[in-house]
Amino acid sequence: MRLSRYFLPVLKENPAEAQIVSHRYMLRAGMIKQQAAGIYSWLPLGYRVLKRIEQIVHEEQVRAGHIPLLMPTLQPADLWRESGRYDDYGQEMLRIKDRQDREMLYGPTNEEMITDIFRAHVNSYKDLPMTLYHIQWKFRDEMRPRFGVMRGREFLMKDGYNFDVDKASALHAYNRHMVSYLRTYERMGLTAIPMRADSGPIGGDDTHEFLVLAATGESEVFFDSAVTELKLGQRDVDYDDRDAVAAVCKEFTTLYARTDETHDPALFDAIPEERRKVARGIEVGQIFYFGTKYSDSMGATVVTAEGTKVPVEMGSHGIGVSRLLGAIIEASHDDKGIIWPEGVTPFPVGIVNLKQGDAAADAACNGLYKALAAKGLEALYDDRDERAGAKFATMDLIGLPWRITVGPRGLANGVVEVTSRRTGESEEMSPAAAVDRIAQIYAAHR
RNA sequence: CGGAGCGUAGCGCAGUCUGGUAGCGCACCUGCUUCGGGAGCAGGGGGUCGGAGGUUCGAAUCCUCUCGCUCCGACCA
């Protein structure tokens, strides 16, 4: 993409309403525009990151054997009357009437609807296990939306639902989700710690929240600092192997890590003092096992091998997709702007032409742009007629992790500059070597 | 929902107390000079001051009502 033809409305000054760094940078980098309290338009740059995050979530869900579908944002109230949640959910649920005066609602979550789909089509244990998920906009009419996309009223969420014949299978689905979530967050450059949590209005017995540590987090968290060292890395987990999956979960949940809701001071004090940490965290996901809560009330049953009809065992599992943008920025920025992890960056690399209109510089930039494209890497080429400082400032603000700087001075020696946004370190090399370097870096993130 | 505050040009703000016909910086447009970390000079365009009603010769400014947004708190992907 050529910047001169793109729509990237960056702001030089901080918008007054933005109090936290991710919100400020998302507005300044031209990623979002607020339309009402807690409701945002996603401008091109923000939309690209949102789609990247969505893509990673999809890939990891499919890898775990989960099946994507798409349910509507609007739901009939009757479905929620069946589970009893129409009255329980309260003011957070946006209730709407259509022209026939039928009661509708903008879905805050989809347990009822997915159960309705399941019961309509599945009757046998032979069709299980099954996990269905979608990535869809939700609406929760928060009393107090804040912090940009971190606590919006409208937000994009991945929500998945597992259906299993017995509790052991359902707990395996729970574990499978935990492992797939760990992989998902790691690919986004995040350290998200699973913490034992409280179940809230969804209801259930077992539940973990995934927290990204950040000073601006809304939850107070207590943990053994050793949990932050745990990495799933490149290990190849067989999602159908119950013991292997359970072993990973055990590894990641044995050390003490809890939110204030479930904090146990006695257990916490048993941790060696130097590893005892109290911090803030942003909740970026949550998994629940809730058994037959919905299948009982809504009549979702299967026939077992023995010929008896049993309600299916269920759980639900969510990832706050739009919130993740804020969380990633909170975890990865400096005083110049955002620093995107390679996994989620809107463009893999930026090309800065220091002297637009200079024949050699223009040709070198065009050559780099094409060579990168040939390797499947879409660069953001700043071909505006701007001064170097302005171009650098824009690149730093929007946070592309790598920058290739092209100017007449370097070209006289046959070199361009490759700069890491994270470290600020630059290295001179030939244009061809620069393309190879960038391609090599991204090979690990495909 | 309790408490606090703010709505004046795309963004950041002054002007409101003490009423007199709207201003600054950035951004935008034109020209010249500049050109490796948000350039300089000159010129230019853009606002029924959130909305409605009222007081007044006259309202961004005073009064009433209303809408919107932000922050702190209790609740939540």
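Residues numbered from 1 in each chain as written. Chains lettered and ligands numbered in written order. Predicted model: local features only at pLDDT ≥ 70, side-chain atom pairs only at ≥ 80, totals over all residues. Heavy atoms only, no water.

Turning our attention to the sheet that holds strand β4 (residues 74–76). For sheets, the rule is that strands pair by backbone hydrogen bonds, running either parallel or antiparallel. Reading across the sheet, the three strands line up as β4-β6-β5 and stay open at both edges, with antiparallel pairing between neighbours. The open sheet is flanked by β4 and β5 (94–97), the only strands paired with a single partner. Pairwise comparison of adjacent strand axes, ignoring direction, gives a mean angle of 35° for this sheet. (Pairing = 2+ DSSP bridges. Helix = DSSP H or I, 4+ residues; strand = E, 2+ residues; numbered from the N terminus. Axes fitted to C-alpha atoms, helices over the stretch in contact; angles between N-to-C directions.)

By size, the foremost hydrophobic cluster in this structure holds 68 residues, and its most contacted members are Met31, Ile53, Tyr185, Met188, Phe210 and Val284. In terms of residue count, the dominant contributor to this core is helix α6 (residues 167–187) (seven residues). In this view, Met31 contacts Met26, Ser41, Trp42, Leu43, Leu45, Gly46, Val49, Leu325, Ile338 and Trp340; residues no more than four positions away in its chain are not counted. Judged by nonpolar contacts, the second largest core, of 25 residues, contains Ile114, Leu128, Phe163 and Phe288. (Core = buried A, V, L, I, M, F, W, Y, C linked by side-chain atoms within 4.5 Å. Buried < 20%, exposed > 50% of the residue type's maximum accessible area, 1.4 Å probe, protein only. Contact = heavy atoms within 4.5 Å.)

Read across the sheet, five strands follow the order β20-β19-β21-β22-β23 without closing on themselves; strand pairing throughout is mixed. In the strand order of this sheet, the two ends are held by β20 (380–382) and β23 (426–429), each with one partner. This sheet shows a mean twist of 20° between the axes of neighbouring strands, independent of strand direction. One ladder, built from four bridges, connects strand β22 (residues 416–420) with β23; its direction is antiparallel. Each bridged residue has a counterpart across the sheet, and for Val418 the counterpart in β23 is Glu427. Lying over the sheet, helix α11 (residues 359–374) contacts β19 (350–353), β20, β21 (402–406) and β22, oriented at roughly 170° with respect to β19. In the packing of helix α12 (residues 388–398) onto the sheet, contacts are made with β19, β20 and β21, and the angle to β19 comes to roughly 170°.

The subject of this paragraph is the layout of surface pockets. Of the volumes computed, that of the largest pocket is approximately 1,000 Å³. Taken together, 44 residues line the largest pocket, and the ones lying closest to its centre are Arg140, Arg151, Glu283, Gln286 and Arg323. Every element with two or more residues in the lining of the largest pocket is listed here: α4 (85–88), β8 (154–164), β13 (276–291), β16 (313–320) and α10 (321–331). It is β13 that provides the largest number of residues to the lining of the largest pocket, a total of seven residues. Counted by class, the lining of the largest pocket contains 14 nonpolar, 14 polar and 16 charged residues. Taken as a whole, the second largest pocket spans an internal volume of roughly 450 Å³. For the second largest pocket, the lining is made up of 22 residues, of which Glu186, Arg187, Gln234, Ala444 and His445 are closest to its centre. (1 Å grid on protein atoms, 1.4 Å probe; cavity = no way out; pocket = protein on both sides within 12 Å on 5 of 7 lines; lining within 4 Å. Points joined across faces, edges and corners; volume = space filled by probe spheres on them. Nonpolar A, V, L, I, M, F, W, Y, C, P; charged D, E, K, R; others polar.)

Moving on, we come to α6. Given a rise of 1.5 Å per residue, 21 residues ought to cover 30 Å, and the 30 Å separating the end C-alpha atoms of α6 matches this to within 8%. Of all 21 residues making up α6, 17 are buried, and the element is well covered by its neighbours. Backbone geometry just downstream of α6 places Gly189 in the positive-phi region, at approximately 80°. (Expected span 1.5 Å × (residues − 1).)

A few words now on the pairing of β19. Sheet faces and side chains relate simply in a regular strand, where the side chains alternate between the two faces. Burial of the side chains of β19 extends over both faces: Gly350 and Val352 are buried on one face and Ile351 and Asn353 on the other. Summarising the sheet, β19 and β20 pair through three bridges and their orientation is parallel. Paired with Gly350 across the bridge in β20 is Leu380. Regarding topology, α11 serves as the crossover connection from β19 to the parallel β20, and that connection is right-handed. Two elements, β19 and β21, share four bridges in a ladder whose sense is parallel. Looking at the pairing, Gly350 lines up with Arg403 of β21. (Right-handed = clockwise from strand over helix to strand, strands pointing away.)

Quick look at the confidence of the model for chain A now. Averaged over every residue, the pLDDT of chain A is 94; the share at 70 or more is 98%. Scored as a complex, the prediction yields pTM 0.96 and ipTM 0.93. (pLDDT = per-residue confidence, 0-100.)

Attention now goes to the pattern of salt bridges. Taken as a whole and assessed by the stated rule, the structure comprises 28 salt bridges. Residue Glu54 is joined to Lys51 by a salt bridge in which the shortest nitrogen-to-oxygen separation is 3.4 Å. Here the residue Glu54 and the residue Lys51 both occupy positions in helix α2 (residues 44–63), the gap between them amounting to three residues, near one helical turn. (Salt bridge = Lys/Arg side-chain N within 4 Å of Asp/Glu carboxyl O.)

Let's shift gears to the protein's contact with RNA strand B. Every one of the 42 residues lining RNA strand B counts as a neighbour, but Glu13, Arg144, Arg151, Glu283 and Asp396 are closest to it. Counting only the atoms of RNA strand B within 4 Å of the protein, the fraction contributed by sugar and phosphate is 46%. In the model, a base nitrogen of RNA strand B is placed 3.4 Å from a nitrogen or oxygen of the Thr394 side chain. With respect to RNA strand B, the side chain of Arg403 contributes an N or O atom lying 3.2 Å from a base oxygen. (Near = heavy atom within 4 Å. Polar contact = N/O pair within 3.5 Å; in protein donor to acceptor, adjacent residues only side chain to side chain.)

Within α12 the residues assigned to the buried category are Lys391, Thr394, Met395, Asp396, Leu397 and Ile398. For α12, the elements touching its buried residues are α1 (21–28), α2, β18 (337–338), β19, β20 and β21. Just beyond α12, the residue with positive phi is Gly399, at close to 80°.

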